[in-house]
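These are the residues of each chain, in order.
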Amino acid sequence: AKGTKVGKRGFAEVNNRFGKNCFACHAVDKKLVGPAYKEIAAKYKGKADAEATLIKHLSGNKIVKVEDGGDEDHDPPPAKDANDLKNLVQWILSKG
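Quick look at the structure, then. What you see is a predicted model, and the numbers here were worked out from it, not measured in a lab.

Parameters at a glance
- Residues numbered from 1 in each chain as written.
- Predicted model: local features only at pLDDT ≥ 70, side-chain atom pairs only at ≥ 80, totals over all residues.
- Heavy atoms only, no water.
- Axes fitted to C-alpha atoms, helices over the stretch in contact; angles between N-to-C directions.
- Helix = DSSP H or I, 4+ residues; strand = E, 2+ residues; numbered from the N terminus.
- Parallel < 35°, antiparallel > 145°, perpendicular 65-115°, else oblique.
- Contact = heavy atoms within 4.5 Å.
- Nonpolar A, V, L, I, M, F, W, Y, C, P; charged D, E, K, R; others polar.
- Buried < 20%, exposed > 50% of the residue type's maximum accessible area, 1.4 Å probe, protein only.
- Salt bridge = Lys/Arg side-chain N within 4 Å of Asp/Glu carboxyl O.
- Patch = residues over 30% accessible without salt bridge, like charges linked within 9 Å, V, L, I, M, F, W, Y side chains within 5 Å.
- Areas by Shrake-Rupley, 256 points an atom, 1.4 Å probe, with all protein chains shown as cover.
- Lys, Arg positive; Asp, Glu negative; His and termini not counted.
- Charge placed at Lys NZ, Arg CZ, Asp CG, Glu CD.
- Left-handed = near helix turned anticlockwise from the far one by under 90°.

**A closer look at the packing of helix α2 (residues 37-44) against helix α4 (residues 82-93)**
Okay, so step 1: Here α2 crosses α4 at 90°, and the two axes come no closer than 8 Å. Regarding the angle of α2 to α4, the classification is roughly perpendicular. Between α2 and α4, the contacting residues are Y37, I40, A41 and Y44 on the first element and W91, I92 and L93 on the second.
Okay, so step 2: Looking at side-chain class alone, the contact of α2 with α4 contains seven nonpolar, no polar and no charged residues.

**Some words on the environment of N15**
Okay, so step 1: Along the polypeptide, N15 turns up in helix α1 (residues 11-22).
Okay, so step 2: Its relative accessible area of 34% is what places N15 among the partly exposed residues.
Okay, so step 3: When residues no more than four places from it in sequence are discounted, the contact partners of N15 are K20 and F23.

**Topic: the pattern of salt bridges**
Okay, so step 1: Enumeration according to the criterion identifies one salt bridge in this entry.
Okay, so step 2: A salt bridge links E51 to K86; its shortest N-O distance comes to 3.9 Å. Taken together, the residues span a long stretch of sequence, with E51 in helix α3 (residues 50-58) and K86 in helix α4 at a distance of 35 residues.
Okay, so step 3: Owing to a relative accessible area of 23%, E51 belongs among the partly exposed residues under this scheme.
Okay, so step 4: In this structure K86 comes out as partly exposed when scored by relative accessible area, which is 27%.

**Observations concerning a negative patch on the surface**
Okay, so step 1: Taken together, the side chains of E67, D68, E72, D73 and D75 define an acidic patch exposed on the protein surface.
Okay, so step 2: Checked against the element boundaries, D73 lands in strand β2 (residues 71-74).
Okay, so step 3: With a relative accessible area of 57%, D73 lands in the exposed category.

**What about the packing of α3 against α4?**
Two numbers describe a pair of packed helices, the interaxial angle and the distance between the axes.
Okay, so step 1: Packing of α3 against α4 brings their axes to within 10 Å, and their N-to-C directions diverge by 120°. Classified by the angle between their axes, α3 and α4 sit oblique to one another. When you trace α3 past α4, the crossing you get is right-handed. Residue-level contacts link A50, E51, L54, I55 and L58 of α3 to L85, K86, V89, Q90 and L93 of α4.
Okay, so step 2: Taken together, the residues of the contact of α3 with α4 sort by class into seven nonpolar, one polar and two charged.

**Quick look at the environment of K20**
Okay, so step 1: Here K20 lies in helix α1.
Okay, so step 2: Assessed through its relative accessible area of 78%, K20 is described here as exposed.
Okay, so step 3: Separated by 58 residues in sequence, K20 and P78 place their C-alpha atoms 9.9 Å apart.

Encoded structure:
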């Protein structure tokens, strides 16, 4: 649900919790190895299934395409539980 505690996380809190994993390949506003969080949020803006789709994507190891056209393992974020992952997804979607 929008407006819950996680969606309101600030950058420092998200960086402290997930930074060493997620921010190795993603930044808030510029593409690194992976797309920027603002780009991800824009892609899913207005889509009713955005949160569920991202949770599913981040829930397991996946192979993703990277900028050079190669494939790379995308490990799931180190979420403590389903709510922690949901909070991260809400934070990402709030960037759009």
